[in-house]
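Architecture and fold: a report
Each chain is listed here by its residues.
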Amino acid sequence: MNDVFEDSIMKTMLTMPQLSKKEAENIAVCYDKLWKLMIDKGMPNKSDLRKVTGIGTNTLVKLSKNQVVSMEVLMKICSSLDCDISDICEFKQEKLTED
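Here's what I pulled together on the structure shown here. (Residues numbered from 1 in each chain as written. Predicted model: local features only at pLDDT ≥ 70, side-chain atom pairs only at ≥ 80, totals over all residues. Heavy atoms only, no water.)

Some points on helix α3 (residues 32-40)
Every buried residue belonging to α3 is among Leu34, Trp35, Leu37 and Met38, and all of these are buried. Along the axis of α3, the buried residues cluster in a sector spanning 160°; they form a single face. Exposed residues pointing more than 90 degrees away from the buried face of α3 are listed as Lys36, Ile39 and Asp40. Next to the buried residues of α3 lie α4 (46-53), α5 (57-64) and α6 (71-81). (Buried < 20%, exposed > 50% of the residue type's maximum accessible area, 1.4 Å probe, protein only. Helix = DSSP H or I, 4+ residues; strand = E, 2+ residues; numbered from the N terminus. Arc of directions from axis to C-beta. Contact = heavy atoms within 4.5 Å.)

Written out as structure tokens, the structure is:
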């Protein structure tokens with residue numbers, strides 16, 4: 001693991017506000033940045049990601065469906081693509097509605 005990546009994760013964790021359970025349930029993850037980065041790096045097929053990272057097919061399906069994956073998976077991707085976590089995903093908070 002490279003030091004720049006670890007520093008980036010630590011900064012992100014330290015600056016994240018504490019979320020209530022209700023707020024956390026209304027946050028969606030999006031991996032559109034990952035797919036764009038792969039194209040920019042000459043990796044047009046999602047299966048290329050699986051080959052260079054060693055992630056499983058089920059994990060690749062989760063990424064394709066913008067579902068949550070483990071931090072370990074995100075670290076493998078960043079290490080393999082030599083990038084930062086903010087280069088591969090973003091979190092979007094959906095508006096809370098009153099019940």
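Structural notes on the state of the cysteines
In a disulfide, the sulfur atoms of two cysteines are covalently bonded to one another. For the structure shown, the criterion picks out zero disulfides. Here cysteine 30 stays unpaired: no disulfide links it, and the sulfur of cysteine 89, its closest cysteine neighbor, is 9.0 Å away. (Disulfide = S-S within 2.5 Å.)

Things to note about the pattern of salt bridges
Going through the model one piece at a time under the given rule, you end up with two salt bridges. Between lysine 36 and aspartate 40 there is a salt bridge, with its nearest N and O atoms 3.1 Å apart. On the criterion of helical spacing, the pair formed by lysine 36 and aspartate 40 is a turn pair, its members being four residues apart in helix α3. With respect to burial, lysine 36 and aspartate 40 carry one shared label: exposed. We note a salt bridge from glutamate 90 to lysine 92, for which the minimum N-O separation is 4.0 Å. We classify glutamate 90 as partly exposed; its relative accessible area is 29%. Under the relative-accessibility criterion, lysine 92 is labelled partly exposed at 42%. (Salt bridge = Lys/Arg side-chain N within 4 Å of Asp/Glu carboxyl O.)

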